[in-house]
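An overview of the molecular structure
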Amino acid sequence: MSDVTIYHNPACSTSRNTLALLREHGVQPQVVEYLKTPPARDELQRLVAQMGIPVRGLLRNKEAVYGELGLDDPKWTDDQLVDFMLQHPILIQRPIVATTQGVRLGRPPEAVLEILPGTSGQRT
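Residues numbered from 1 in each chain as written. Predicted model: local features only at pLDDT ≥ 70, side-chain atom pairs only at ≥ 80, totals over all residues. Heavy atoms only, no water.

1. Thoughts on the side chain of S15
Topologically, S15 is positioned in helix 1 (residues 13-24). A polar contact is formed between the side chain of S15 and the backbone nitrogen of N9, at a distance of 3.1 Å. Beyond its immediate chain neighbours, meaning those up to four positions away, S15 contacts I6, Y7, H8, N9, R94 and P95. (Helix = DSSP H or I, 4+ residues; strand = E, 2+ residues; numbered from the N terminus. Polar contact = N/O pair within 3.5 Å; in protein donor to acceptor, adjacent residues only side chain to side chain. Contact = heavy atoms within 4.5 Å.)

2. Regarding the pattern of salt bridges
Under the defined criterion, the tally for this structure stands at 6 salt bridges. A salt bridge links R41 to D83; the shortest N-O distance between them is 1.8 Å. With a gap of 42 residues between them, R41 in helix 2 (residues 41-51) and D83 in helix 4 (residues 78-87) connect regions that are remote in the sequence. In this structure, R60 engages E63 in a salt bridge whose closest nitrogen and oxygen atoms are separated by 3.1 Å. The exposure class of R60 is buried, given its relative accessible area of 14%. A network of salt bridges, in which partner residues are shared, links R41, D79 and D83. (Salt bridge = Lys/Arg side-chain N within 4 Å of Asp/Glu carboxyl O. Buried < 20%, exposed > 50% of the residue type's maximum accessible area, 1.4 Å probe, protein only.)

3. Some remarks on the nonpolar core
In this structure, L58, L71, M85, L91 and I96 are the most contacted members of the largest nonpolar core, which totals 24 residues. Within the residue set of this core, elements represented by two or more residues are helix 2, helix 3 (64-68), helix 4, strand 3 (96-99) and strand 4 (102-105). Beyond its immediate sequence surroundings of up to four residues, L91 is in contact with L58, L59, R60, E63, V65, Y66, L69, L71, F84 and M85. (Core = buried A, V, L, I, M, F, W, Y, C linked by side-chain atoms within 4.5 Å.)

Rendered as structure tokens:
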């Protein structure tokens, strides 16, 4: 099992580029197609916490469902926003890369380099 996991959407060019970058650095990550297999609630909350971002920072606000649900309204609690992401995984920003060194959103893809085991953030 890999020490690196990427929550991936193969239809997303940024996600594909991040996966390619990992492989260029010799990393064969565990690939989780989160639209098919969304993370469990506790896993999603752990990822957000380890990224050190607010729950809203993980929402894809350009998705139609974001507007349809009125998710820009500040009335929604973090727990409710997590519920929406679990019900509609397309709302989860991608890609998320988790390693033993931390968790990063691959936007831009190079952001994940600093958490690759054994690289200390250095490009090879």
